[in-house]
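# Examination of the molecular architecture
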Amino acid sequence: MAWRGWAHRGWGCGQAWAQPVGGRSCEDLTAALAPPRLLGRRFNFFIQQKCGFRKAPRKVEPRRSDTGTSGEAYKRSALIPPVEETVFYPSPYPIRTLVKPLFFTVGFTGCAFGSAAIWQYESLKSRVQSYFDGIKADWLDSIRPQKEGDFRKEINKWWNNLSDGQRTVTGIIAANVFVFCLWRVPSLQRTMIRYFTSNPASKVLCSPMLLSTFSHFSLFHMAANMYVLWSFSSSIVNILGQEQFMAVYLSAGVISNFVSYVCKVATGRYGPSLGASGAIMTVLAAVCTKIPEGRLAIIFLPMFTFTAGNALKAIIAMDTAGMVLGWKFFDHAAHLGGALFGIWYITYGHELIWKNREPLVKIWHEMRTNSPKKGGGSK
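Only a predicted model underlies this, so the values are computations on that prediction, with no experimental measurement involved.

### Focus on the overall build of the protein
What the protein contains, in helices and strands, is 14 helices and two strands. Going through the 379 residues of the protein one by one, you find that 38% of them count as buried. Partitioning the contacts of the protein with sequence separation of at least 6, the portion at a separation of at least 24 is 72%. If you sum the accessible surface of the protein, you get close to 23600 Å²; carbon and sulfur atoms cover 62% of it.

### Remarks on the side chain of Ser-256
Mapped onto the secondary structure, Ser-256 falls in helix α10 (residues 242–267). Residue classification places Ser-256 among the buried residues on the basis of a relative accessible area of 2%. Of note is the side chain of Ser-256, whose polar atom sits 2.9 Å from the backbone oxygen of Ala-252. Setting aside chain neighbours within four positions, we find Ser-256 in contact with Gly-278, Ala-279, Ala-334 and Gly-338.

### Quick word on the packing of aromatic side chains
Working definition: an aromatic ring pair is given by the centre-to-centre distance plus the angle between the planes. Applying the stated criterion across every chain yields a total of eight aromatic pairs. Relative to Trp-159, the ring of Trp-158 has its centre 6.3 Å away and its plane inclined at 55°; by these criteria the two rings are tilted. Given a relative accessible area of 44%, Trp-158 falls into the partly exposed group. Among the aromatic side chains, those forming a connected cluster through ring pairs are Phe-113, Phe-341, Trp-344 and Tyr-345. The ring of Phe-180 has Arg-184 lying over it, and the distance from NZ or CZ to the ring centre is 4.6 Å.

### A short note on the packing of helix α12 (residues 308–325) against helix α13 (residues 332–352)
Viewed as axis vectors pointing N to C, α12 and α13 meet at an angle of 145°, and their least axial separation amounts to 8 Å. Viewed along their axes, α12 and α13 form a crossing whose handedness is left-handed. Of the residues in α13, those touching α12 at Leu-312, Ile-316, Met-318, Asp-319, Thr-320, Gly-322 and Met-323 are His-332, Ala-333, His-335, Leu-336, Ala-339 and Ile-343. Across the contact of α12 with α13, the residue classes tally to eight nonpolar, four polar and one charged.

### Notes on the environment of Leu-162
Residue position: Leu-162 is located in the loop between α5 (151–161) and α6 (164–183). Judged by its relative accessible area of 10%, Leu-162 falls in the buried class. The spatial distance from the C-alpha of Leu-162 to the C-alpha of Ser-234 is 9.4 Å, given a sequence separation of 72 residues. Among all residues touching Leu-162, those that are not within four sequence positions of it are Arg-167, Thr-170 and Trp-230.

### Let's talk about the UniProt feature "transmembrane region" (unreviewed entry) in the protein
Per the UniProt entry, the sites bearing "transmembrane region" (unreviewed entry) are residues 102–121, 165–183, 204–224, 244–262, 298–317 and 329–347 in this numbering. The annotated region residues 102–121 carries 100% helix and 0% strand content, and the separation between its end C-alpha atoms amounts to 29 Å. Secondary structure across residues 244–262 comprises 100% helix and 0% strand; the distance between its end C-alpha atoms is 27 Å.

### Quick look at the pattern of salt bridges
This structure, assessed with the given rule, holds two salt bridges. We note a salt bridge from Glu-122 to Arg-368, for which the minimum N-O separation is 2.4 Å. With Glu-122 in helix α4 (residues 99–143) and Arg-368 in helix α14 (residues 358–370), the pair connects residues that are 246 residues apart, well separated along the chain. Among the salt bridges present, the one from Lys-355 reaches Glu-351, with a minimum N-O distance of 3.1 Å. According to the relative accessible area criterion, Lys-355 is partly exposed, its value standing at 45%.

The rules behind these values
- Residues numbered from 1 in each chain as written.
- Predicted model: local features only at pLDDT ≥ 70, side-chain atom pairs only at ≥ 80, totals over all residues.
- Heavy atoms only, no water.
- Helix = DSSP H or I, 4+ residues; strand = E, 2+ residues; numbered from the N terminus.
- Buried < 20%, exposed > 50% of the residue type's maximum accessible area, 1.4 Å probe, protein only.
- Contact = heavy atoms within 4.5 Å.
- Areas by Shrake-Rupley, 256 points an atom, 1.4 Å probe, with all protein chains shown as cover.
- Polar contact = N/O pair within 3.5 Å; in protein donor to acceptor, adjacent residues only side chain to side chain.
- Phe/Tyr/Trp six-rings, centres within 6.5 Å; stacked < 30°, edge-to-face > 60°.
- Lys NZ or Arg CZ within 6 Å of the ring centre and 35° of its normal.
- Axes fitted to C-alpha atoms, helices over the stretch in contact; angles between N-to-C directions.
- Left-handed = near helix turned anticlockwise from the far one by under 90°.
- Nonpolar A, V, L, I, M, F, W, Y, C, P; charged D, E, K, R; others polar.
- UniProt positions renumbered as here; feature names shortened; annotations may be inferred.
- Salt bridge = Lys/Arg side-chain N within 4 Å of Asp/Glu carboxyl O.

Structure, rendered in structure tokens:
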């Protein structure tokens, strides 16, 4: 190394020394001035190749997702996509990265419950007309000749046999299946990682907090989450109603991801998260809090049953331990945040939020009443 630097500084064997100087070329000068022990064939070849070239400056690589701020390797779960080629940029001021997600969480939650209140108002307003339309449709079906083996008829029969809760979550399950299929498209991998995985070290912070709620990379992960959602759909919709349930579910997905953001920033363990587990934990916690004496069982062990209250306590204890001990197979912070939000909402949030929606509904009613009808303007 010392000799290579001396030869470079002293003689600068580059393009300027390509022509012979004083009857001696650059190679002859190098051979004459070098110590005898360095004049081997391999060293001469090395000098000729490196002579006159500067070493390119080393690029500073940004921190990747599998390494935390403390330098500890992040063990990726089998439930999340491989992100070794994706570069994330942890902020030098990590607390500031939580400002935008906080405002997004508060704003989205307010919009979700406001939209649900308006949705319920419009549903109640059109219920009478729908009732008469339903009577007319039933009368037409009774006099209309029925087709045997009609596929559409079978679909309608299956749909009508579903409960209100199962009909409500069917759209959610369909959205999860659609996003799962998008993960299988190789050309969409970077886009899916950018917008459908939540990570406080990513450049996109807010929209993934909602979109990752509908995102699953593993088929087993999606199947397990959708099975639990389907199983508790009837109970939660009977408790909250269709409109309020949708507001709670969507808000729970964003809130649980924000809790995950806070935990990752506090511990320095940055890594992508995805899945509907946080929102489903809110549904599970709300039902278990409202019906603590209900009997539950594990999917693969139906012979063992336990009360819903005990199941909720065990889940909270496990996720708390996982968050404290740094278990990385699940996003335990998101699970715990979703469960605590479900307990809070069914205990206090329903009284504080949903029962105080009347002012918003009155404003919407006045806007609908005072709005000009179509074709009512002057010519």
